[in-house]
Amino acid sequence: MHYPPLAALLLGAAAPVAQAPTQFPATPPVTPASTSVRTERRWWKEAVVYQIYPRSFADSDGDGVGDLNGITRHLDHLKALGVDVIWLSPHFDSPNADNGYDIRDYRRVLPQFGTMADFDRMLAAIKARRMRLVIDLVVNHTSDEHRWFTEAVKGPGPYRDYYIWRPVRADGGPPNNYPSFFGGSAWEKRGPGDQAYLHYFAAKQPDLNWDNPRVRGEVYDVMRFWLDKGVSGFRMDVIPFISKDPAFPDLTPDQLRHPDRVYADGPRVHDYLREMRRDVLSRYDTMTVGEAVGVTPDKGPLFTDASRGELDMIFRFEGVNIGRDGWRTKPWKLADLKRFYDDLDRSAGATGWNTSFIGNHDKARAANALGDGSPAAAKALATMMLTLRGTPFLYQGDEIGMTNYPWTRIEQYDDIAARNLYRDQVQAGRVSASEFLPELARTSRDNARTPMQWTAAAGAGFTTGKPWLPVNPNARRVNVAIQTGRPNSVLEHYRALIRLRRAMPALVYGAYRDLDPDHPQVFAYTRVLDGDRLLTVVNLSPRRARWALPGGVEPETTLLDTGPRSQRGRRLNLAPWQAAVYRLR
Ligand code: TEU
């Protein structure tokens, strides 16, 4: 179909629909770190959070896909682990182009996962165990099957301006050179007129137009709907991306190397987050954590400084991404990881707060990505994660040291990111399959999405049917049942660490100091609160290591140790991946 230019103008949103201008107060400054305000106590600072990827956690009805009743059945595992808060990855109705990060209906449970009654029962069971639930707020984009979008695509009407439309170029090319995270242009022409809509992720994930106050009102209503049901807050998907530069200038070649940094720096993002806090969050007792993709170190505090009234915490990814460059792995140095944690800690400033995590549903398994896949490495990483300053977010399966899957063929993958990469890299002739596939196997998100390993049974106790992603063949050795009660298992180590964290306020609120930033194998730091002085020493390497105790650092009691007694005079001799926590004199 061809439309003359005039019709295109009438149909499209080439000029944004006029809206009542919203007045936002001036942005408050970040509290300088030098102001030594003692951090205020909050339940979410003291909490241990556990992320559930519902598709892969527990399948109660044998269809091969995890579900809410499966979660409800396994809550005692989380309680015994010591978890306070569950973060549930999207459980909403979705066509699953991106496994639920493409939402079709924000007020409906994905039928594969169950019903709203199942959700209510799950939430009641969580609360009965004195835990809380935080859900995933995915509002940078919706599914293209959301009713707002199916209406918007038709042309002018109340929903057109819920999304971002721009005319395609005269040669039919996209309005600008923004790339999508899942390959190709971030623009797709659809519907009448020569108009394209913006999608930072898949074409089936159109970006919402947050400059439209009606869109913000809809999002806030969705938030109130779930808060009124009793959820305790939100993990906010790519939340720094919500505000766009309406001029959509082309990215420079330099910016094209890190488009996420531009996407995360829109002109109104802080105004919108403060409005969200004022209109919604401040009326409830919540915690919020933003997925800060693209947020550079200097910008982090703008989101988390408590005096600004935006988010409570963000996830920054330099740590978990240290061993990778896109789909490739890369060598890394412990000193760089320590520098990141140091910088992160400083960026919390006087009133901000951080997160501590080693994996999530978008990463390869932590035991492999930052370790060598061994149980000892899993325990070393856990010790680090649970004694750093910041609220720890555990990812399902890491508590038993689950590892990457031995992928060999592209057909084994489910993830849209993996499949599109294969198309853009291998099928487009950029790299050979033999170069690409072993790297993808080490970096793919599907590593984190294979079924949770509960028992040694076929289906790993995850399902009695055919699992939607294959079960890792190591499930016979690596599973919850086998590790429960077994001394030195990864699971018992996690439990001990969480108990320790609960018993020691210094592990939550204590000041952090890296004692030896340059040591190539050992990560050693103190946590100090009033008279309490704790020392964590972790050998983050597969080789034995030595570390000399600095003057004034006198271990008094060993609170926890994964290896043989290690102190000889002023020296600690550490086995590969050995980790210990001491109370200092
Ligand atoms: O992830 C945002 C993000 O930028 C990811 O692309 C991440 O860098 C990537 O997964 C690495 O391969 C969030 C969600 O966590 C992710 O699951 C979604 O696919 C994405 O947003 C879109 O909603």
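Now for a description of the structure that goes with this document. (Residues numbered from 1 in each chain as written. Predicted model: local features only at pLDDT ≥ 70, side-chain atom pairs only at ≥ 80, totals over all residues. Heavy atoms only, no water.)

This brings us to the overall build of the protein. Scanning the protein for helices and strands turns up 19 helices and 23 strands. For the protein, whose C-alpha radius of gyration is 24 Å, the value lies close to the compact-globule estimate of 25 Å for 585 residues. Here the protein holds 585 residues, and the buried ones make up 59% of them. Intrachain contacts of the protein at a sequence separation of at least 6 include 71% that bridge at least 24 residues. (Helix = DSSP H or I, 4+ residues; strand = E, 2+ residues; numbered from the N terminus. Rg over C-alpha atoms; globule rule 2.2 N^0.38 Å. Buried < 20%, exposed > 50% of the residue type's maximum accessible area, 1.4 Å probe, protein only. Contact = heavy atoms within 4.5 Å.)

Within the largest apolar cluster, 169 residues are counted, with the highest numbers of intra-cluster contacts made by Leu133, Met223 and Met384. When residues in this core are grouped by element, the largest group, eight residues, is from helix α14 (residues 375-387). Once you skip the residues sitting within four places of it in the chain, Met223 turns out to touch Leu137, Phe234, Met236, Met276, Val280 and Leu281. Formed by 14 residues, the second largest nonpolar core is a distinct cluster that contains Val522, Val537, Ala545 and Trp547. (Core = buried A, V, L, I, M, F, W, Y, C linked by side-chain atoms within 4.5 Å.)

Time to look at the site of the ligand. Inspection of the region around the ligand gives 15 residues, with Asp98, His141, Asp237, Asp362 and Arg445 positioned closest. In this structure, Glu291 approaches the ligand through a side-chain N or O atom, which is 3.0 Å from an oxygen atom. (Near = heavy atom within 4 Å. Polar contact = N/O pair within 3.5 Å; in protein donor to acceptor, adjacent residues only side chain to side chain.)

So, about the sheet that holds strand β8 (residues 195-198). Strand pairing in a sheet takes place through backbone hydrogen bonds and is either antiparallel or parallel in direction. Ordered in space as β6-β8-β7, the three strands form an open sheet in which the pairing is antiparallel. Each of the sheet's edge strands pairs with one partner strand only, and the pair in question is β6 (165-167) and β7 (187-189). Taking the axes of each pair of neighbouring strands and ignoring which way they run, one obtains an average angle of 35° across the sheet. When β6 meets β8, the two strands line up antiparallel, connected through three bridges. Counted as the bridge partner of Arg166 is Ala196 from β8. (Pairing = 2+ DSSP bridges. Axes fitted to C-alpha atoms, helices over the stretch in contact; angles between N-to-C directions.)

Here we take up the pattern of salt bridges. Applying the stated rule across the entire model yields 48 salt bridges. For the salt bridge of Arg108 with Asp93, the shortest nitrogen-to-oxygen distance reads 3.8 Å. With Arg108 in strand β4 (residues 105-109) and Asp93 in strand β3 (residues 92-93), this pair connects stretches of sequence that are 15 residues apart. Judged by relative accessible area, which is 42%, Arg108 ranks as partly exposed. With a closest N to O distance of 3.4 Å, Asp271 and Arg274 form a salt bridge. One end of the pair, Asp271, and the other, Arg274, are both in helix α10 (residues 269-279), three residues apart, so they sit about a helical turn from each other. Pair check on accessibility: Asp271 and Arg274 agree, each one buried. (Salt bridge = Lys/Arg side-chain N within 4 Å of Asp/Glu carboxyl O.)

The side chains of a regular strand alternate, residue by residue, between the two faces of the sheet. In strand β22 (residues 571-574), alternate side chains face the same way, and those of Leu572 and Leu574 are buried while those of Arg571 and Asn573 on the opposite face are not. Relative to β22, strand β21 (residues 567-568) runs antiparallel, the two sharing two bridges. From the neighbouring strand, Arg568 faces β22, where its bridge partner is Arg571.

A separate point is the side chain of Asp271. Classification of Asp271 by relative accessible area gives buried; the value is 13%. Among all residues touching Asp271, those that are not within four sequence positions of it are Phe24, Pro25 and Thr27.

Below, the discussion takes up the environment of Gly359. Relative to the helices and strands, Gly359 is located in the loop between β14 (355-356) and α13 (366-369). Considering only alpha carbons, one finds Gly359 and Asp228, 131 residues apart in sequence, at a separation of 30 Å. For Gly359, the contacting residues outside a window of four places in its chain are Val320, Tyr395 and Asp398.

Applying the stated criterion across every chain, the model contains 41 aromatic pairs. Centroid distance Trp210 to Tyr220: 6.5 Å. Interplanar angle 70°. Geometry classified as edge-to-face. Of this pair, Trp210 sits in the loop between β8 and α7 (213-229) while Tyr220 sits in helix α7, and the two are ten residues apart along the sequence. Overall, Trp210 belongs to the buried group, its relative accessible area being 1%. Take Tyr220: its relative accessible area is 3%, and that puts it in the buried class. One aromatic cluster is present, built from ring pairs that chain together Tyr178, Phe181, Phe182, Trp187, Tyr200, Phe201, Phe241, Phe248 and Tyr263. The cationic tip of Arg55 hangs over the ring face of Trp468; the distance from NZ or CZ to the ring centre is 5.4 Å. (Phe/Tyr/Trp six-rings, centres within 6.5 Å; stacked < 30°, edge-to-face > 60°. Lys NZ or Arg CZ within 6 Å of the ring centre and 35° of its normal.)

Our focus in this paragraph is a positive patch on the surface. Taken together, Arg544, Arg546, Arg565, Arg568 and Arg571 make up a surface patch of like positive charges. Within the fold, Arg565 resides in the loop between β20 (555-561) and β21. On the basis of relative accessibility, which here comes to 64%, the residue Arg565 falls in the exposed class. (Patch = residues over 30% accessible without salt bridge, like charges linked within 9 Å, V, L, I, M, F, W, Y side chains within 5 Å. Areas by Shrake-Rupley, 256 points an atom, 1.4 Å probe, with all protein chains shown as cover. Lys, Arg positive; Asp, Glu negative; His and termini not counted. Charge placed at Lys NZ, Arg CZ, Asp CG, Glu CD.)

To continue, consider the sheet that holds β21. A sheet is described by the order of its strands in space; here three strands give the open sequence β19-β22-β21, paired in antiparallel fashion. With partners counted over all chains shown, the strands left at the sheet margins are β19 (545-548) and β21, one partner each.

In contact at an axis separation of 11 Å, helix α5 (residues 116-128) and α7 are set at 55° when each is read in the N-to-C sense. By the criterion of interaxial angle, the relationship of α5 to α7 is oblique. Facing α5, whose interface residues are Met116, Phe119, Asp120 and Leu123, α7 presents Phe225, Trp226 and Lys229. Of the residues belonging to the contact of α5 with α7, the class tally is five nonpolar, no polar and two charged. (Parallel < 35°, antiparallel > 145°, perpendicular 65-115°, else oblique. Nonpolar A, V, L, I, M, F, W, Y, C, P; charged D, E, K, R; others polar.)

Its location among the elements puts Ala264 in the loop between α9 (259-263) and α10. Not counting residues up to four positions away in its chain, the partners in contact with Ala264 are Pro240, Phe241, Val293, Gly294, Val295 and Phe303.

Next up on the list: the environment of Leu584. Mapped onto the elements, Leu584 comes out in strand β23 (residues 579-584). For Leu584, a relative accessible area of 4% gives the class buried. In this structure, the C-alpha to C-alpha distance between Leu584 and Thr558, residues 26 residues apart in sequence, is 9.0 Å. Dropping the residues within four chain positions of it, Leu584 is found in contact with Thr526, Arg533, Leu534, Leu535, Val553, Glu554, Pro555 and Glu556.

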